Amino acid sequence: MSEDVAGNKINERRFFEQIWNKGNFAVARELVAPNYVDHDSMSSGAGPEGVRREVSVYRNAFPDIHFAIEDTIAEGDKVVTRLTATGTHEGDLPGIPATGKRVTISGIVITRYVDGKAAEAWFEFDFLGLYRQLGAIPARGGASERSTS
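Remember, it's a predicted structure, so these values are computed and weren't measured experimentally. (Residues numbered from 1 in each chain as written. Predicted model: local features only at pLDDT ≥ 70, side-chain atom pairs only at ≥ 80, totals over all residues. Heavy atoms only, no water.)

(A) View of the nonpolar core. If you look at the biggest cluster of nonpolar residues, it comprises 32 residues, and the most contacted ones within it are Phe 15, Phe 16, Ile 19, Trp 20, Phe 62, Phe 67 and Leu 93. In this structure, Trp 20 is in contact with Phe 15, Val 55, Tyr 58, Arg 59, Ile 65 and Phe 67, ignoring residues within four places of it in sequence. (Core = buried A, V, L, I, M, F, W, Y, C linked by side-chain atoms within 4.5 Å. Buried < 20%, exposed > 50% of the residue type's maximum accessible area, 1.4 Å probe, protein only. Contact = heavy atoms within 4.5 Å.)

Encoded structure:
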């Protein structure tokens, strides 16, 4: 594994441990390029400031949010990270008032790095599952609830 690929994996881990888990936004300038683009529909703009705004939305809604890194795979300038996030819904998530419910959500992030900084990222998380856990979307009925007629 090249030094750049190994460094990108380390920076990806720091991104989640420091910024998401601890709310340490000062480290964002070290890890996020000024022209960083987040290809997530919940994106709050570009660069380290956009990351701060986006992470703040979720940290306000889930003050105890914690991302556990399950796997990281790196090749070339990209790092793929499989994550599990947990937290308690204690604040407003846009459109969903606090429920006090403990939730778990899984997802995968692909991050492209340039010179050791995140340049762009694609986030895919099970938001349908999250909204069901929060009661914002009804859970789908199981086989035992289906009509047999």
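(B) Looking closely at unusual backbone geometry. Phi at Asp 115 takes a positive value of approximately 55°, unusual for a residue other than glycine. Tracing the backbone shows Asp 115 in the loop between β4 (102–114) and β5 (117–125). (Helix = DSSP H or I, 4+ residues; strand = E, 2+ residues; numbered from the N terminus.)

(C) Molecular detail of helix α1 (residues 3–20). The end-to-end C-alpha distance of α1, which contains 18 residues, comes to 25 Å, matching closely the 26 Å that a straight helix rising 1.5 Å per residue would cover. Those residues of α1 lying buried are Val 5, Asn 8, Asn 11, Glu 12, Phe 15, Phe 16, Ile 19 and Trp 20. (Expected span 1.5 Å × (residues − 1).)

(D) Region of interest: the pattern of salt bridges. Inspection of the entire model under this criterion finds 8 salt bridges. A salt bridge links Arg 13 to Glu 17, with the shortest nitrogen-to-oxygen separation between them at 3.4 Å. With Arg 13 and Glu 17 both in helix α1 and 4 residues apart, the pair spans about one turn of that helix. Under the relative-accessibility criterion, Arg 13 is labelled partly exposed at 36%. As a salt-bridge pair, Arg 14 and Glu 30 come within 2.9 Å of each other at their nearest N and O atoms. Taken together, the residues Arg 14 in helix α1 and Glu 30 in helix α2 (residues 28–31) connect sequence positions 16 residues apart. (Salt bridge = Lys/Arg side-chain N within 4 Å of Asp/Glu carboxyl O.)

(E) Local environment of helix α3 (residues 47–61). Compared with an ideal rise of 1.5 Å per residue, which puts 15 residues at 21 Å, α3 spans 22 Å between its outermost C-alpha atoms and is within 8% of the ideal. Here α3 has its buried residues at Gly 47, Pro 48, Gly 50, Val 51, Glu 54, Val 55, Ser 56, Tyr 58, Arg 59 and Ala 61. Those residues of α3 that are buried are in contact with α1, α2, β1 (32–38), β3 (78–88) and α4 (127–134).

(F) A look at the packing of aromatic side chains. Inspection of every chain in the model, using the stated rule, returns 9 aromatic pairs. Between Trp 20 and Tyr 58 the ring centres are 5.9 Å apart and the planes differ by 50°, which places this aromatic pair in the tilted class. One end of the pair, Trp 20, is in helix α1; the other, Tyr 58, is in helix α3, and 38 residues separate them in sequence. In terms of burial, Trp 20 and Tyr 58 fall into one category: buried. Between Phe 125 and Phe 127, the ring centres sit 6.3 Å apart and the planes meet at 55°, which makes this aromatic pair tilted. For Phe 125, a relative accessible area of 16% translates into the label buried. On the accessibility criterion, Phe 127 (22% relative accessible area) is partly exposed. (Phe/Tyr/Trp six-rings, centres within 6.5 Å; stacked < 30°, edge-to-face > 60°.)

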